[in-house]
Amino acid sequence: MFQLSRSRIALPVRLSVIVAANVFVFDVRTACANEELARGAEFQDCAICPVMKVVPGGEFVQGSPPSSSGHFHSEGVIRTVTIARPFAAGKFEITFDQWDACIAAGHCATVDDGDWGRGRYPVINVNWEEAVAYTEWLSELTGKPYRLLSESEWEYAARAGLQRFRFFGLAPEQLCEVANVYDLRSKAEYEFGWEHVSCDDGFAGLAPVGSLTANGFGIHDMQGNVAEWTQDCRNRSWRFANLDGSPWLNGDCMLRAYRGGSWLANGPRYLRTPDRYRYLRARSDDLGFRVGLSLY
Ligand SMILES: [Ca+2]
């Protein structure tokens, strides 16, 4: 995670290709009565509300063996997390359009867009408390308990069934189809001096949400563009973490977990590891969030 001065970053020159949202109205209460919730169903509770994807229940293996690339000691406890019921996750990262609606309603703070632009660019420079404030506003607006994702929900939604460790099983060239990372294009334009991913995702810097292909759950940008705040508090290892997908709210809660790669990220550790926490009032040019919603 890096805080960059405006002078070092030029506006992206490449026009983005936005994947059509293809939104349709979806009644969650009706859906909840149906135990056969279709993978990929989506809904939107208001015009400025985030489009939500229904994520089916299931399980995944969390942690990694010492032999995996970028392994951290704290991820050495390999365990199976079971998410018993479907939940909803934002199809996209929260955008400046959505954040600005919250500002206009008097609930959210003004945050710096880093000169990337607003609109469909993901909101950045937002701290954990501000992200939670957005979910509280969204809950008031819709009457539904929107929240941040738990760390386990985030990883489950990001993996979308991929169980392997490095890049969640994706080869670098595949990664660039789904994730805006520090790639060949970023290296050519910025040359920050750290390792790059050997592929071209089309964006040297930040990208409008949904510019790259969705994952197997129909969710965009989980592994790149901006890293994302989750609910969980800091703990030294996952040895005693919850196994049911719920957030781990014990530990040092002045530090909160964020997950995902970003347009500045390269190695597998940035895409996977649990040992990623920041002070809850920290903000960064490559840190935003997406929202979650329990369906039961
Ligand atoms: Ca990139």
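Residues numbered from 1 in each chain as written. Predicted model: local features only at pLDDT ≥ 70, side-chain atom pairs only at ≥ 80, totals over all residues.

Re the overall build of the chain
Counting its secondary structure elements, the chain contains seven helices and 11 strands. Relative to its full complement of 296 residues, the chain shows a buried share of 45%. Counting only contacts in the chain whose residues sit at least 6 apart along the sequence, the fraction spanning at least 24 positions is 71%. (Helix = DSSP H or I, 4+ residues; strand = E, 2+ residues; numbered from the N terminus. Buried ≥ 20, exposed ≤ 12 C-beta atoms within 10 Å, placed from the backbone. Contact = placed C-beta atoms within 7 Å.)

Digging into helix α4 (residues 151–159)
Taken across its nine residues, α4 has nine buried, putting it largely inside the fold. Just downstream of α4 lies alanine 160, where phi reads positive at about 50°.

Describing the sheet that holds strand β5 (residues 87–90)
Strand order across the open sheet formed by five strands is β1-β2-β5-β11-β6, with antiparallel pairing between neighbours. Sheet topology places β1 (42–43) and β6 (147–148) at the edges, where each strand pairs with a single neighbour. By the bridge criterion, two bridges tie β1 to strand β2 (residues 52–55) in an arrangement that is antiparallel. In the strand pairing of β2, phenylalanine 43 is matched with methionine 52. (Pairing = 2+ DSSP bridges.)

Let's talk about the sheet that holds strand β8 (residues 252–259)
Read across the sheet, four strands follow the order β9-β8-β7-β10 without closing on themselves; strand pairing throughout is mixed. Looking at which strands have only one partner, the edges of the open sheet turn out to be β9 (277–279) and β10 (287–288). Here strand β7 (residues 227–234) runs beside β10; their pairing, made up of two bridges, is parallel. Bridge pairing links alanine 227 to leucine 287 in β10.

A word on the nonpolar core
Across soluble globular proteins, nonpolar side chains have a tendency to be buried as a group. Counting residues in hydrophobic clusters, the biggest one holds 62 residues, and the most contacted among them are Ala89 and Ala157. Not counting the four nearest positions on each side in its chain, alanine 89 is found in contact with Met52, Lys53, Val55, Leu149, Glu153, Ala157, Ile219, Arg290 and Gly292. (Core = buried A, V, L, I, M, F, W, Y, C linked by C-beta atoms within 7 Å.)

Structural notes on the confidence of the model for the chain
Mean pLDDT over the chain works out to 82, with 77% of the residues at or above the 70 mark. In this model, residues 1–36 is a region of pLDDT below 50 whose contacts with residues beyond four sequence positions or in other chains number 51 contacts. (pLDDT = per-residue confidence, 0-100.)

Observations concerning the environment of arginine 283
For arginine 283, the location among the structural elements is in the loop between β9 and β10. C-beta crowding within 10 Å serves as the criterion here: with 18 such atoms nearby, arginine 283 is assigned to the partly exposed category. Along the backbone, arginine 283 and asparagine 127 are 156 residues apart, and their C-alpha atoms lie at a distance of 4.9 Å. Leaving out residues up to four positions away in the same chain, arginine 283 has contacts with Asn125, Val126 and Asn127.

A short note on the pairing of β2
The side chains of a regular strand alternate between the sheet's two faces. Where burial is concerned, the two faces of β2 agree: the one with Met52 and Val54 and the one with Lys53 and Val55 are both buried. The pairing of β2 with β5 spans four bridges and is classified as antiparallel. Across the sheet, valine 54 pairs through a bridge with alanine 88, a residue of β5.

Details of helix α2 (residues 96–104)
All of the buried residues along α2 are Phe96, Gln98, Trp99, Ala101 and Cys102. Where α2 is buried, its residues meet α3 (128–142).

Let's talk about unusual backbone geometry
The backbone of aspartate 115 shows a phi angle near 70°, a positive value even though the residue is not glycine. Relative to the elements of secondary structure, aspartate 115 occurs in the loop between α2 and α3. A positive phi angle, close to 65°, is found at aspartate 221, a residue other than glycine. Checked against the element boundaries, aspartate 221 lands in the loop between α6 (184–190) and β7.

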